[in-house]
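Listed here are the chains, written in short residue letters.
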Amino acid sequence: MDVLPYLILLLGAAASAPAQLPGTARDQILRRMDDTAMHYGDLSRRIWEFAEVGYQEHRSSALLQQELTAAGFEVRANIGGMPTAFLAEWKRGTGKPVVGLLAEFDALPGLSQQAGLAERKPRAEAVAHSAGHGCGHNLFGAAVVFAAIAAKDHMSASGLDGAIRVYGTPAEEGGGGKIYMARAGVFEGTDVTLTWHPGDANRASLDSSLANISAKFTFRGTASHAASAPEKGRSALDGVMLMNHAVELLREHVPQETRLHYVITKGGAAPNIVPDLAQVYLYARHPHMTALDAIWTRVLRCAEAAALATETEVETELVSSVWDILPNDALTAMLDRSLREAGGVTYDADERAFAEKLRTTFDVAAALPLGSQSDIQPSSGSRGPGASTDSGDISWLLPSAQFTAATYVPGTPGHSWQSTACAGSSIGRKGMLVAAKTLALATLGLVADPREVELARAAFEKRRAGVVYRSRIPETNGPPLDYRK
């Protein structure tokens, strides 16, 4: 007998009338979080100032671990061979259900920017890689820790059984830290995972993401005098340029949802020397990993053909590969309810002035209007997937869901100096508070009513049916700890 339809039918009543925290308890939790918000806001600002890129987030990770240890969580560091990865756990009574919260804290290279300044101006102090939190991960990790401690405090005071796990996941921006944590077995025994992401709107949706495969292609040739003996040289840069040209031609012959983008990370030392070493760092993306496999095979052929034509050699170093997100209907519904209970973001006069000025620096034609940060957007959403995340891999292993909170001025593009400015400002911290409240309420909702976990599992099995998850990163590959160096 196929038990899945029966299970969904059996649990239908719970889905239509979900258990919620009593109003008085919910209000107390939210008030307590308002009272302690400044502390966690300061925590997020310190991580913003560290601006540490993937696998180099030593101070950021240590700060979050210290906070959790002080709150009574048992912390394990250096997970899966990654010094900045950690698992923090607190449990009471039976220790079931187990709710996992995913925390990120890496910055992006080249996006240094002064906080709260509505014009392009990098920070004056030296920051490695001129990095900045253009994806708001300083808010991300701090909000998750805030939520975990708030939920733990309520469970301890109210006598609720269960466990909370905080996963400190490094190098989300291209390094795939969560994949190596999963290989280390730290997600075993976790019933569900919840997370969030900074954005320009408050929304829990069933949107997916783009599967992504990335690699560095290093071409090696023969150096020679570019003027007096060019015939003796074999240009590695020619190999890179020919590969890139082949990839450009490939765009016409792949599914239209495909994204191919790259940067030349090494191009030679001087114009009068035929380059004997050159490198291109390339991403390929598609909404479905199974389709991306075939596209990636063709990208590899572009590299091989370029090396053959230029009489060079090419070495392919796979950096990362992440799956598209598998949405979860039950968990998304719970996050939507919790987000509406948490409420939106209200700007004061100074924040509104900053927001109005910032919106003159980018196109707002298709953006939500200023003021929308106070609203909760419909959970259904119609936005197509536009980014990639290693949270996608976790979503194929166990029930998972995420939402966005308005930490950016409406319309602000991600991975920009404008988003870095917001992430270090009071606007970012207000959105972070919304996210922390939402995660705390959702965590407590799952702990208070195990039927919600059963619904999440049923939704997971229904959407995953027929698909076998397998990471495209070979088992022999360790985490690329130096991919940002």
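Quantities reported herein were computed from a predicted structural model and do not represent experimental measurements.

A. How the structure looks around the overall build of the protein. In terms of regular secondary structure, the protein is built from 14 helices and 11 strands. On C-alpha atoms alone, the protein measures out to a radius of gyration of 24 Å, which is about the 23 Å that the 2.2 N^0.38 rule sets for 485 residues. Across the 485 residues of the protein, 55% fall into the buried class. In the protein, 83% of the contacts between residues at least 6 apart in sequence involve partners at least 24 apart. Taking the average location of the 46 positive side-chain charges in the protein and that of its 53 negative ones, the two points are 1 Å from each other.

B. Inspection of the packing of aromatic side chains at higher detail. Counted according to the given criterion, the structure contains 10 aromatic pairs. Centre to centre, the rings of F86 and F105 are 6.2 Å apart; their planes meet at 5 degrees, and the pair counts as stacked. With a gap of 19 residues between them, F86 in strand β2 (residues 82-92) and F105 in the loop between β3 (98-103) and α5 (137-158) connect regions that are remote in the sequence. Take F105: its relative accessible area is 0%, and that puts it in the buried class. Through successive ring pairs, a cluster of aromatic residues spans F140, W196 and F403. In this structure, K216 packs its charged tip against the face of Y281, placed 5.3 Å from the ring centre.

C. Quick peek at the sheet that holds strand β1 (residues 74-79). Pairing is mixed in the open sheet, where 7 strands are placed in the order β1-β2-β4-β3-β5-β11-β6. Two strands in the sheet have a free side with no partner beyond their single neighbour: β1 and β6 (203-204). Bridging between β3 and strand β5 (residues 192-199) involves 3 bridges; their strand directions are parallel. Bridged to V99 within β5 is V192.

D. Local environment of the pairing of strand β9 (residues 277-286). The buried count for β9 comes to 9 of 10 residues, which makes it a mostly enclosed element. One ladder, built from 10 bridges, connects strand β7 (residues 211-220) with β9; its direction is antiparallel. Across the sheet, residue R220 finds its bridge partner in β9, namely L277. Sheet analysis places strand β8 (residues 259-266) next to β9, joined by 7 bridges and oriented antiparallel. Counted as the bridge partner of Y262 is L282 from β9.

E. Region of the structure containing the nonpolar core. Core analysis: the largest hydrophobic core is formed by 80 residues, its most contacted members being F73, V166, L194, W196, F403 and V409. Aside from chain neighbours lying at most four places away, what touches V166 is L68, F73, F86, L87, A88, L101, A103, V144 and A148. By size, the runner-up hydrophobic cluster in this structure holds 29 residues, among which are A236, L260, A307 and W396.

F. Molecular detail of helix α9 (residues 329-342). Counted at 1.5 Å a residue, the expected span for α9 with its 14 residues is 20 Å, and the 20 Å between its end C-alpha atoms agrees. For α9, the full list of buried residues reads A330, L331, T332, M334, L335, D336, S338, L339 and A342. Among the structural elements, β5, β6, β11 (400-406), α13 (426-448) and α14 (450-464) are those in contact with the buried residues of α9. Its side-chain oxygen at 3.3 Å from the backbone nitrogen of A330, N328 defines the N-terminal cap of α9. Directly after α9, the chain includes G343, whose backbone phi takes a positive value near 90 degrees.

G. Highlighting the pattern of salt bridges. The full count for this structure, using the stated rule, is 25 salt bridges. Among the salt bridges present, the one from E311 reaches R234, with a minimum N-O distance of 3.2 Å. Of this pair, E311 sits in the loop between α8 (289-310) and β10 (313-322) while R234 is found in the loop between β7 and α7 (236-250), placing the two residues 77 residues apart along the sequence. For E311, a relative accessible area of 56% puts it in the exposed group. Here the residues in one salt-bridge network are R26, D27 and E341, joined through shared partners.

H. Quick peek at unusual backbone geometry. Here the residue pair K96 and P97 is connected by a cis peptide bond, since its omega of 0 degrees sits within 30 degrees of zero. With respect to the element layout, P97 can be found in the loop between β2 and β3. With phi around 65 degrees, H129 is a residue other than glycine that occupies positive phi space. Its location among the elements puts H129 in the loop between β3 and α5. The phi dihedral of H415 is positive, around 55 degrees, even though this residue is not glycine. The topology assignment puts H415 in the loop between β11 and α12 (417-423).

I. Highlighting the confidence of the model for the protein. For the protein, the mean per-residue pLDDT works out to 94, and 95% of the residues sit at or above 70. Across residues 1-18, confidence stays below pLDDT 50; counting only partners more than four residues off in sequence or on other chains, it has 14 contacts.

J. Spatial organisation of α7. Taking 1.5 Å of rise per residue, the 15 residues of α7 would be expected to cover 21 Å, and the 21 Å separating its terminal C-alpha atoms lies within 8% of that figure. Listed as buried for α7 are A236, G239, V240, M243, N244, V247 and L250. Buried residues in α7, looked at end-on, bunch into an arc of 130 degrees, giving them a common side. On the buried face of α7, the contacting elements are β7, β8, β9 and α8. Where α7 begins, one side-chain oxygen reaches toward the backbone nitrogen of L237, 3.2 Å away; that side chain belongs to S235.

Parameters at a glance
- Residues numbered from 1 in each chain as written.
- Predicted model: local features only at pLDDT ≥ 70, side-chain atom pairs only at ≥ 80, totals over all residues.
- Heavy atoms only, no water.
- Helix = DSSP H or I, 4+ residues; strand = E, 2+ residues; numbered from the N terminus.
- Rg over C-alpha atoms; globule rule 2.2 N^0.38 Å.
- Buried < 20%, exposed > 50% of the residue type's maximum accessible area, 1.4 Å probe, protein only.
- Contact = heavy atoms within 4.5 Å.
- Lys, Arg positive; Asp, Glu negative; His and termini not counted.
- Charge placed at Lys NZ, Arg CZ, Asp CG, Glu CD.
- Phe/Tyr/Trp six-rings, centres within 6.5 Å; stacked < 30°, edge-to-face > 60°.
- Lys NZ or Arg CZ within 6 Å of the ring centre and 35° of its normal.
- Pairing = 2+ DSSP bridges.
- Core = buried A, V, L, I, M, F, W, Y, C linked by side-chain atoms within 4.5 Å.
- Expected span 1.5 Å × (residues − 1).
- Polar contact = N/O pair within 3.5 Å; in protein donor to acceptor, adjacent residues only side chain to side chain.
- Salt bridge = Lys/Arg side-chain N within 4 Å of Asp/Glu carboxyl O.
- pLDDT = per-residue confidence, 0-100.
- Arc of directions from axis to C-beta.

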